[in-house]
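# Structural overview
The primary structure of each chain is shown beneath.
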Amino acid sequence: MERHFDASLRELKEQLLGMAGYVERAIDNAVHGLQGRNPAKIRSVYEIERTVNREQVTVDESCVRLLALQQPMAVDLRLIVAIIKINTDLERMGDQAVNIANNSERYLALEPLKPLVDLPLMFDEVKGMVRDAINSFVRRDEALAREVLRRDDAVDELKRRIFTDVLAAMKGDPGRIDAGICLILIARNLERIGDHATNIAEDVVFAVSGEDIRHARREAP
Amino acid sequence: MTTTSPFLLETRGLSAWFGNAQAVKPTTLGCAANTVTAIIGPSGCGKSTFLRCLNRLHEEVPGARAQGEVFLENGPVYGPGVDPVAVRRKIGMVFQKPNPFPALSILENTVVGLRLAGVRRKNVLRELAERSLRLAALWDEVKDKLDQPGMSLSGGQQQRLCIARALAVEPRVLLMDEPTSALDPVSTARIEELVTELKKEVTVVIVTHNMQQAARISDRTAFFLLGEVVEFGETSRLFTNPVDPRTERYITGRFG
Amino acid sequence: MSRRYFGDYVFRSYGWRHLQSRVMIGLLAAACGLVLLPLFSILGYVVWQGLPALEPAFFTQLPGSVGEAGGGMANAIVGTLTLVGLALLLGLPWGIALGIYLSEYGRGRFASVVRFSVDMLSSVPSIIIGLFVYAWVVIPMKRFSAVSGGVALALLMLPTVARSTEELLKLVPGHVREAGLALGLPRWKVILRIVVRGSLGAIATGVALALARVAGETAPLLFTAFGNRYWNQGLDQPIASLPVQIFNYAISPYEEWHRQAWGGSLVLIALVLGLNISMRAALRRKGKTGDS
């Protein structure tokens, strides 16, 4: 027997997945626009982000409505709480995509600093984390979610490398500080997106198992 | 002599029958002093029967019997030489339907337990009535009409009168059998509020059909199914992250 | 379109239902009238016939000599009150105790035997009760007496009192008893001080109805209380009663006695009705505190 509530929950999940799709596209377009030096693609990010903002409001409304009307318990309660948090993280990812787009536009207006090598690597890693975080939510796959958490370190490592390289290049030629800062900021934006992906993965673990792993993980050495 | 337990009220292997039909399978539960324990479960799961075993009211039903042990403050509730009447003075009860005694005034209803136990002094009775009615958060509403019949009150007030009546004999435990199922939401909210207040005075065990109610007012919750306790634990944990899949199915409404 | 059709249907059938309703209400009213007609014709006729006989002397004097005008039924009025009082004294505690037993402890074979016997007793014709009392009280005492009349009337009211008490106590919901037990009160206290006390008003109505019923009994008094043309000389002596007096006067050949029989009838009806109505009125006032 499918409860009416189950149908509402499915609808809500679909809403959230739609929103996640927009967010992924925004990140893709921002980074690909930078890589392909395509300003039109970069500018498309702003429109997508507005859609994400609208979706965020809709998802929140659905969650509040379900909480108020269905008073869910246990697994249902955890799912909705997780969705509310994931919703926020997705919206923040959208914001970061806009930041990347801004920084990319500025970067493209300047002399290129150096060939982009680590940044695409970092982008692939972050993109993979986002994808897996969302997949773990869709499939209620706790193992996959925990896998996402482990990959955060690789992203941090790539960011450190980019920072070192760019700083070295900037020290060599102070005229390129502007371009360097853009790349540093983009790397930092990507890292933030990765952090949001780990947040989502943590929420998935909570929704599936009821275990809150946030501080256990961060406080552990 | 029994071993000292951290619980004010405790059952060990308590089971109950109606004739040959077993209503409660051996159940071991403990309620710490000044806590609220909620018992939830589908209709006919034995939760009310279990509750009624705690003050030995179950055995008053023809053909009904109970087995196993119950301890109140480490003293036996069942056993040779234990007088059920004495047990019930220490373990009060509030029922599903408000049931003030007919033809008794509000005052008489409140102190009837003491009155019939031999307390005669008018001023003593009146003082105790005021105390109980205040505890039951009813005093302000009835203090000017104590001589009116208990039946003249509204349903919610009647139920609080019944709570005052149970409290007047100063029990250690208050059993509540779906005390708000016949009441409107406002009266229900007042009783829930009251239960939380009463924790300071008594230990409460409440059977409820309303899971939100159990979640709101109890410290620990027991989930009964088909006469046995499926899960018993901290209320906040049980309602967010139940261990047993049957509990999960029940509290998320996926049974049947 | 279907909406409209539905609307028309409802509208048309409404008129038909209305008519049906009116016809039925009319029939019910007629049935009510039919029931009330005998009551009011009896009342009216008795008042019309009896009122002229009710002079002050009727209430204060003993019956006059045979066939003479004057005299009254003072002894019979007092006699009926005495007999009813005796019946109450003898039958009430017994009947109520029986009712309490049947309601509160009445399970199992013995109780059903008791319940059945009580029902049997209530269907025994009153003249048989009279005969029984004659054999068991009058003969051993070797005389007709007020006491034997009281016993007969008590036996007559016993089943009514017992069964009505039982039924009324059964109306008190089980959880009220449980609430009493849950206060740590012994069962007998719960029954007497809470359950019975709560139903006292209703039980009194039942008793009043039983009393009204036996106050008009004639047959069992004929060979127990017997009747007496003078004041009763003691409870072990024959005593007059209104129904017997009415009976004797009505079958006599004297016009004056017929007149007085009608007067006695009016007084008897007034007594019974008065008892009934005053009891109900008293309960209506108390009733607000009773009845759940």
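Above: the structure in question.
How each quantity is defined
Residues numbered from 1 in each chain as written. Chains lettered and ligands numbered in written order. Predicted model: local features only at pLDDT ≥ 70, side-chain atom pairs only at ≥ 80, totals over all residues. Helix = DSSP H or I, 4+ residues; strand = E, 2+ residues; numbered from the N terminus. Rg over C-alpha atoms; globule rule 2.2 N^0.38 Å. Buried ≥ 20, exposed ≤ 12 C-beta atoms within 10 Å, placed from the backbone. Contact = placed C-beta atoms within 7 Å. Axes fitted to C-alpha atoms, helices over the stretch in contact; angles between N-to-C directions. Parallel < 35°, antiparallel > 145°, perpendicular 65-115°, else oblique. Left-handed = near helix turned anticlockwise from the far one by under 90°. Nonpolar A, V, L, I, M, F, W, Y, C, P; charged D, E, K, R; others polar. Expected span 1.5 Å × (residues − 1). Arc of directions from axis to C-beta. Core = buried A, V, L, I, M, F, W, Y, C linked by C-beta atoms within 7 Å. Pairing = 2+ DSSP bridges.

## What to know about the overall build of chain B
Counting its regular elements, chain B contains 10 helices and 10 strands. Computed over its C-alpha atoms, the radius of gyration of chain B comes to 18 Å, within 12% of the 18 Å expected for a compact globule of 256 residues. Along the three orthogonal principal directions, the C-alpha set of chain B runs to about 55 × 45 × 35 Å. The proportion of buried residues among the 256 residues of chain B is 51%. Once local pairs closer than 6 in sequence are excluded, the contacts in chain B between residues at least 24 apart make up 69%.

## Concerning the packing of helix 4 (residues 108-123) of chain C against helix 6 (residues 146-171) of chain C
Residues and elements named next belong to chain C. Across the interface, helix 4 lies against helix 6 with an axial gap of 8 Å and an inter-helix angle of 135°. Between helix 4 and helix 6, the interaxial angle falls into the category oblique. As helix 4 packs across helix 6, the resulting crossing turns out to be left-handed. Together, Val118, Asp119, Leu121 and Ser122 of helix 4 and Leu158, Pro159, Thr160, Ala162 and Arg163 of helix 6 make up the contact between the two elements. Taken together, the residues that form the contact of helix 4 with helix 6 break down as 5 nonpolar, 2 polar and 2 charged.

## Quick look at the interface of chain A and chain B
Taken together, the contact between chain A and chain B spans 10 residues of the former and 11 residues of the latter. Class assignment for the residues of the side of chain A that touches chain B results in 5 nonpolar, 2 polar and 3 charged.

## Describing the environment of B:Glu127
Residues and elements named next belong to chain B. Topologically, Glu127 is positioned in helix 4 (residues 122-135). On the neighbour-count criterion, Glu127 (12 C-beta atoms within 10 Å) is exposed. In this structure, the C-alpha to C-alpha distance between Glu127 and Val111, residues 16 residues apart in sequence, is 9.8 Å.

## Section: helix 4 of chain B
Residue and element names in this part refer to chain B. Relative to the 20 Å expected for 14 residues at 1.5 Å per residue, helix 4 spans 20 Å between its end C-alpha atoms, a close match to the ideal helical length. All of the buried residues along helix 4 are Leu128, Ala129, Ser132, Leu133 and Leu135. Taken around the axis of helix 4, the buried residues stretch over an arc of 150°, which confines them to a single face. Exposed residues on helix 4 whose side chains face more than 90 degrees from its buried face are Asn123 and Glu127. Against the buried residues of helix 4 lie helix 3 (106-115), helix 5 (139-142), helix 6 (155-168) and helix 7 (185-198).

## Quick look at the nonpolar core
Counting residues in each nonpolar core, the largest one holds 209 residues, and the members touching the most others are A:Val23, A:Ala30, A:Ala133, A:Leu183 and C:Met157. Sorting elements by how many residues they give to this core places helix 6 (residues 177-209) of chain A first, with 15 residues. When sequence neighbours within four positions are dropped, the list of residues in contact with A:Ala30 reads A:Ile42, A:Val45, A:Ala97, A:Ile100, A:Ala101 and A:Ser104.

## Brief notes about helix 2 (residues 39-70) of chain A
All names here are of chain A. The terminal C-alpha atoms of helix 2 lie 47 Å apart, and with 32 residues this matches the ideal 46 Å at 1.5 Å per residue to within 8%. Inspection of helix 2 places Ile42, Val45, Ile48, Glu49, Val52, Glu55, Val59, Ser62, Cys63 and Leu66 among the buried residues, and these make up the whole buried set. Of the surrounding secondary structure, the elements contacted by the buried residues of helix 2 are helix 1 (4-35) and helix 3 (74-108). Two residues or fewer after helix 2 comes Gln71, characterised by a positive phi angle close to 40°.

## So, the sheet that holds strand 7 (residues 173-177) of chain B
Residue and element names in this part refer to chain B. Here we have 6 strands laid out as an open sheet, ordered 6-7-8-3-9-10, and mixed in their pairing. Single-partner strands in this sheet number two, and they are strand 6 (91-94) and strand 10 (228-234). On average, each strand axis in the sheet is tilted by 20° relative to the strand beside it, whichever way the strands run. Direction of pairing for strand 7 relative to strand 8 (residues 203-207): parallel, over a ladder of 5 bridges. Bridged to Val173 within strand 8 is Thr203. Contacts from helix 1 (residues 47-54) reach strand 3 (36-40), strand 6, strand 7, strand 8 and strand 9 (220-225), with the element oriented near 150° to strand 8.

## Topic: the pairing of strand 9 of chain B
Residues and elements named next belong to chain B. The buried fraction of strand 9 amounts to 6 of the 6 residues, a majority that puts the element mostly inside the structure. Judged by which residues are buried, strand 9 turns out to be covered on both faces: Arg220, Ala222 and Phe224 on one side and Thr221, Phe223 and Leu225 on the other are all buried. Relative to strand 9, strand 3 runs parallel, the two sharing 4 bridges. The partner of Thr37 across the bridge, within strand 9, is Arg220.

## Digging into the sheet that holds strand 1 (residues 9-18) of chain B
Paired through their backbone hydrogen bonds, the strands of a sheet run either parallel or antiparallel. All names here are of chain B. What the 4 strands build is an open sheet, ordered 2-1-4-5; its pairing is antiparallel. Since the sheet does not close on itself, it has two edges, and those belong to strand 2 (21-31) and strand 5 (75-76), each with one partner. The pairing of strand 1 with strand 2 spans 7 bridges and is antiparallel. Bridge pairing in strand 2 places Trp17 opposite Gln22.

## Examining unusual backbone geometry
At A:Gln71, a position not held by glycine, the phi torsion is positive, near 40°. Its location among the elements puts A:Gln71 in the loop between helix 2 and helix 3. Overall, A:Gln71 belongs to the partly exposed group, with 14 C-beta atoms counted inside 10 Å. A positive phi angle is found at B:Arg56, which is not glycine, with a value near 60°. Mapped onto the fold, B:Arg56 is located in the loop between helix 1 and strand 4 (64-72). For B:Arg56, a count of 22 C-beta atoms within 10 Å puts it in the buried group.

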